[in-house]
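# Understanding the architecture of this molecule
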2 protein chains.
Amino acid sequence: MAQQAARQADLKVLNGVNVDQLFSTIDVIKNNPEVARFKFRASNEWVNGTHNRGKVKDFYGALKEDDSRPEVSYDMDEPPVLLGHDNGSNPVEYLLTALSGCLTTSLVAHASAKGIELKSVRSRYEGDVDLRGFLGLSEDVPVGFQEIRVYFDIEADISPEQKQELIQMAQKYSPVFNTISKATPVSVKLG
Amino acid sequence: MAQQAARQADLKVLNGVNVDQLFSTIDVIKNNPEVARFKFRASNEWVNGTHNRGKVKDFYGALKEDDSRPEVSYDMDEPPVLLGHDNGSNPVEYLLTALSGCLTTSLVAHASAKGIELKSVRSRYEGDVDLRGFLGLSEDVPVGFQEIRVYFDIEADISPEQKQELIQMAQKYSPVFNTISKATPVSVKLG
């Protein structure tokens, strides 16, 4: 993080990011790494067929439980060609949405810390799934996304090289990007 | 897939899954694997600070483009403790939601193909994130989820061993589970 640059510019809020709060958070965490440990959660209830509903509410972080947010629910379903009834986007589309939000937030936060003012940030996502994996028709085909391609369109008064640096930082520091691009342990149990 | 069992039972729809359509889809794909190739998509536009908006609409699959669904948008933001204003769940919560939908759909589809009737399927998700990764404060801490834990509660007239088999199948055949638990290539470019 280019703390010096942002501090010298005496910026409090840049791109809607409270840079002062960002740097004071960093100082707090340097003194007590426990503050940095977060637990995020979701739950799910099957509705019917390929239709199910995810819910998000509480999390743990900064040394305490937080259930102050209202519960939000997300309907997921498949299109008719995949046996569903279009009651919502499907789970792999939610994954791409998660990736889009995380890369964007990572890019905006780190650009703000560097003192770079952004005008607009747009991005597109496309990933390939071969259903033979899901259907158990081939052991050679990956069950998950074979590849995900992301394209960023950034408007800012910076050079193409600086834009390239921004998308490198977005990847380096994005939790969802790193969860997907590296193998992440997931345990699934009854209970 | 226990095709024989389901066929012998002469089931058309089980658990809301059209099992006949499922097996005819499998037959079509066996004859032409190109039918199984899908491309899923999302887009994102930064709003302000940690608030951005993902959108989902069209996809490619079964040999054609499909833009018949209405566009759905998903607001993402962070809670105040993470510099946001609670305009939506955050991206890692969307990732857990995606995982929840995919494991559930995988479980229900494969149970249906095996002729198992389900009464209810509920699941809980929790994942650990150490913000020192996102903030660039430690190279030793994973930037993404360190671990994700999933707990399934299945109501059905089957043995505990069969429930265990169901959650094994859910994992084996879930695209989102496999995208997360294995390293998936993600390319990020300007353009």
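Conventions and cut-offs
Residues numbered from 1 in each chain as written. Chains lettered and ligands numbered in written order. Predicted model: local features only at pLDDT ≥ 70, side-chain atom pairs only at ≥ 80, totals over all residues. Heavy atoms only, no water. Least-squares fit on C-alpha atoms with pLDDT ≥ 70 in both. Contact = heavy atoms within 4.5 Å. Buried area = accessible area lost by both parts, 1.4 Å probe. Salt bridge = Lys/Arg side-chain N within 4 Å of Asp/Glu carboxyl O. Polar contact = N/O pair within 3.5 Å; in protein donor to acceptor, adjacent residues only side chain to side chain. Helix = DSSP H or I, 4+ residues; strand = E, 2+ residues; numbered from the N terminus. Expected span 1.5 Å × (residues − 1). Buried < 20%, exposed > 50% of the residue type's maximum accessible area, 1.4 Å probe, protein only.

### A look at the relation of the copies chain B and chain A
- Rotating chain B by 180° about the axis while translating it 0.0 Å along that axis superimposes it on chain A, leaving an RMSD of 0.0 Å. Taken together, these values place the two copies in the relation of a two-fold axis.
- Interface residue correspondence from chain B to chain A reaches 100%, placing this contact among same-surface, isologous pairings.

### Focus on the interface of chain B and chain A
- Each partner contributes to the interface: chain B provides 119 residues, whereas chain A provides 120 residues.
- Interface of chain B and chain A: buried area, both sides summed, is about 10,800 Å²; carbon and sulfur atoms make up 63% of it.
- For the pair chain B and chain A, the interface holds eight salt bridges.
- In this structure, B:Arg122 engages A:Glu45 in a salt bridge whose closest nitrogen and oxygen atoms are separated by 3.6 Å.
- The tally of links from chain B across to chain A stands at 52 residue pairs in polar contact (both at pLDDT 80 or more).

### Points about helix 3 (residues 91-113) of chain B
All names here are of chain B.
- Taking 1.5 Å per residue, 23 residues should reach 33 Å; helix 3 reaches 33 Å between its end C-alpha atoms and fits that length.
- Across the 23 residues of helix 3, 23 count as buried, placing the element largely inside the fold.
- A positive backbone phi angle near 80° is found at Gly 115, which sits one or two residues after helix 3.

### Some details on the environment of A:Thr179
- Relative to the helices and strands, A:Thr179 is located in helix 6 (residues 175-181).
- Judged by its relative accessible area of 1%, A:Thr179 is buried.
- A:Thr179 sits 34 residues away from A:Phe145 along the chain, and the two C-alpha atoms are 13 Å apart.
- The residues touching A:Thr179, leaving out its near neighbours within four places in the chain, are A:Thr184, B:Leu95, B:Gly144, B:Phe145 and B:Ile180.

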